[in-house]
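Below are the chains, spelled out letter by letter.
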Amino acid sequence: MTNDPLLIIAVLACLAVLVILLMGINSFRRGGDYARQNSNKFMRWRLIAQFLAVLLILAFVFIRRQTGG
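A brief report on the enclosed structure follows. (Residues numbered from 1 in each chain as written. Predicted model: local features only at pLDDT ≥ 70, side-chain atom pairs only at ≥ 80, totals over all residues. Heavy atoms only, no water.)

1. A word on the pattern of salt bridges
Phase 1: Scanning all chains against the criterion turns up two salt bridges.
Phase 2: The closest approach of N and O atoms between Arg 64 and Asp 4, which form a salt bridge, is 3.6 Å. Remark: Asp 4 occurs in the segment before helix 1 (5–30) and Arg 64 occurs in helix 2 (residues 32–67); sequence separation between them is 60 residues.
Phase 3: A relative accessible area of 18% places Asp 4 in the buried class. (Salt bridge = Lys/Arg side-chain N within 4 Å of Asp/Glu carboxyl O. Helix = DSSP H or I, 4+ residues; strand = E, 2+ residues; numbered from the N terminus. Buried < 20%, exposed > 50% of the residue type's maximum accessible area, 1.4 Å probe, protein only.)

Here you go:
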């Protein structure tokens with residue numbers, strides 16, 4: 001199960017969401033012009049990455065249930 005490529009991709013997508021979230025939090029921490037220019041961009045990126053991560057997790061669960069693994 002640990003060598004399942006779809007699981008690895010889903011975990012990497014979750015890590016990407018975490019990185020983008022931390023970048024957004026850092027943007028808020030810095031404040032000023034940087035926050036004004038980047039906060040919404042990071043939020044959009046996080047939402048897209050999170051949507052893709054959820055889709056990958058659902059695909060993994062669906063495929064695993066079909067194959068009985």
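Next comes the rest of the write-up.
2. Observations concerning the nonpolar core
Phase 1: Counting five residues, the largest nonpolar core consists of Ala 13, Val 17, Ile 20, Ala 49 and Ala 53.
Phase 2: For this core, the secondary-structure elements that each account for two or more residues are helix 1 and helix 2.
Phase 3: By residue number, the principal contributor to this core is helix 1, which donates three residues. (Core = buried A, V, L, I, M, F, W, Y, C linked by side-chain atoms within 4.5 Å.)

3. Comments concerning the environment of Val 54
Phase 1: Mapped onto the elements of the fold, Val 54 is located in helix 2.
Phase 2: A sequence separation of 44 residues divides Val 54 from Ala 10, and the C-alpha atoms of the two residues are 8.0 Å apart.

4. Some words on helix 1
Phase 1: Taking 1.5 Å as the rise per residue, helix 1 with 26 residues should run 38 Å; its terminal C-alpha atoms sit 37 Å apart, in good agreement.
Phase 2: Restricting attention to buried positions, one finds in helix 1 the residues Ala 10, Ala 13, Val 17, Ile 20, Gly 24 and Ser 27.
Phase 3: Two or three places before Leu 6, at the start of helix 1, stands the capping residue Asp 4, its side-chain oxygen 3.1 Å from that residue's backbone nitrogen.
Phase 4: Looking one or two places after helix 1, you find Gly 31, whose phi comes out positive at around 65°. (Expected span 1.5 Å × (residues − 1). Polar contact = N/O pair within 3.5 Å; in protein donor to acceptor, adjacent residues only side chain to side chain.)

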